[in-house]
Amino acid sequence: MTEHDPHAVLTIGDFAARAGVATSAVRYYESLGLVASVRTGGNQRRYRRAELRRVAFVRAAQSIGLSLEEVKDALDRLPGRRVPDRADWLRLSAEWRRRLDEEIKRLQALKEDIDGCVGCGCLSLDKCAVYNLRDRHAADGPGPQRGFKTA
């Protein structure tokens, strides 16, 4: 086998080092069906070099917020457990882009709302009177004040 032989196999330690993940992550990915190994006569795991691309795909998808379940669903749609290529990434990322756009809108709305939520008293911390001078609940103490009075 040569260095660039696509059929070359790696031990779990070598595979994990090349993939940039812990061996426990490799085993976990395998248990989820994200990567596959072959077994030696001594029952040791060996990974084809091509599986490195699957790990790279997993890590890239996770970096944009996908769960491992979502990544597995995407990989399972590839015929014959083939390794994802650029076209696969472009097709799948178009689907994920919509999800990211929705998440960005949700976070932007949260960002806008966070400035206006002080009026209910839920953020009436000691220093809040500095930022919200007309907060009539600030004198009542920190934390929620409306509807949470105890007898």
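Placed above this text is the structure.
Definitions and limits used
- Residues numbered from 1 in each chain as written.
- Predicted model: local features only at pLDDT ≥ 70, side-chain atom pairs only at ≥ 80, totals over all residues.
- Heavy atoms only, no water.
- Axes fitted to C-alpha atoms, helices over the stretch in contact; angles between N-to-C directions.
- Helix = DSSP H or I, 4+ residues; strand = E, 2+ residues; numbered from the N terminus.
- Parallel < 35°, antiparallel > 145°, perpendicular 65-115°, else oblique.
- Left-handed = near helix turned anticlockwise from the far one by under 90°.
- Contact = heavy atoms within 4.5 Å.
- Nonpolar A, V, L, I, M, F, W, Y, C, P; charged D, E, K, R; others polar.
- Phe/Tyr/Trp six-rings, centres within 6.5 Å; stacked < 30°, edge-to-face > 60°.
- Buried < 20%, exposed > 50% of the residue type's maximum accessible area, 1.4 Å probe, protein only.
- Salt bridge = Lys/Arg side-chain N within 4 Å of Asp/Glu carboxyl O.

Novice: How do you make sense of the packing of helix α1 (residues 12-19) against helix α3 (residues 51-63) when you look at a structure like this?
Specialist: For any two helices packed against each other, the geometry comes down to the angle between their axes and how far apart the axes lie. Look at α1 against α3: their axes get within 10 Å of each other, and the N-to-C directions meet at 45°. Compared by their axis directions, α1 and α3 come out oblique. Helix-helix and strand crossings are classified by hand; for α1 and α3 the assignment is right-handed. Contacts between α1 and α3 involve F15, R18 and A19 from the first element and E51, L52, V55 and R59 from the second. Of the residues in the contact of α1 with α3, the class split is four nonpolar, no polar and three charged.

Novice: Which parts of the structure should I look at to understand the packing of α3 against helix α4 (residues 68-76)?
Specialist: For the pair α3 and α4, interaxial distance at closest approach is 10 Å and the crossing angle is 135°. By the angle class used here, α3 and α4 are oblique. When you trace α3 past α4, the crossing you get is right-handed. Where α3 approaches α4, its residues R54, F57, V58, A61 and Q62 are matched on the opposing element by L68, V71, A74 and L75. Class assignment of the residues belonging to the contact of α3 with α4 gives a composition of seven nonpolar, one polar and one charged.

Novice: Mind showing me how you'd approach the packing of aromatic side chains here?
Specialist: Pairs of aromatic rings are described using the distance from one ring centre to the other and the angle between the two planes. Under the definition given, this model contains four aromatic pairs. Relative to Y47, the ring of F15 lies with its centre 4.6 Å away and its plane at 25°, an arrangement referred to as stacked. With F15 in helix α1 and Y47 in strand β3 (residues 45-48), this pair connects stretches of sequence that are 32 residues apart. When sorted by exposure, F15 lands in the same class as Y47, which is buried. Measuring from ring centre to ring centre gives 6.0 Å for F57 and W96, while their planes differ by 55°; the resulting arrangement is tilted. Of this pair, F57 sits in helix α3 while W96 is found in helix α5 (residues 86-116), placing the two residues 39 residues apart along the sequence. In this pair, the class of F57 matches that of W96, namely buried. In this structure an aromatic cluster arises from ring pairing among F57, W89 and W96.

Novice: It is not clear to me how the pattern of salt bridges should be interpreted in this structure. Could you clarify?
Specialist: Any two side chains of opposite charge can pair, given that their charged atoms come close. Using the criterion set out here, one finds twelve salt bridges in the structure. Where K72 meets D76, a salt bridge forms, and the shortest distance between an N and an O atom there is 2.8 Å. Here K72 and its partner D76 are both found in helix α4, four residues apart, which amounts to about one turn of the helix. Given the relative accessible area of 27%, K72 is considered partly exposed. One salt bridge connects D88 with R82, and the closest N-O pair in it is separated by 2.5 Å. Overall, D88 belongs to the buried group, its relative accessible area being 4%. We classify R82 as partly exposed; its relative accessible area is 32%. Residues participating in the shared-partner salt-bridge network are R48, E51, R54 and R81.

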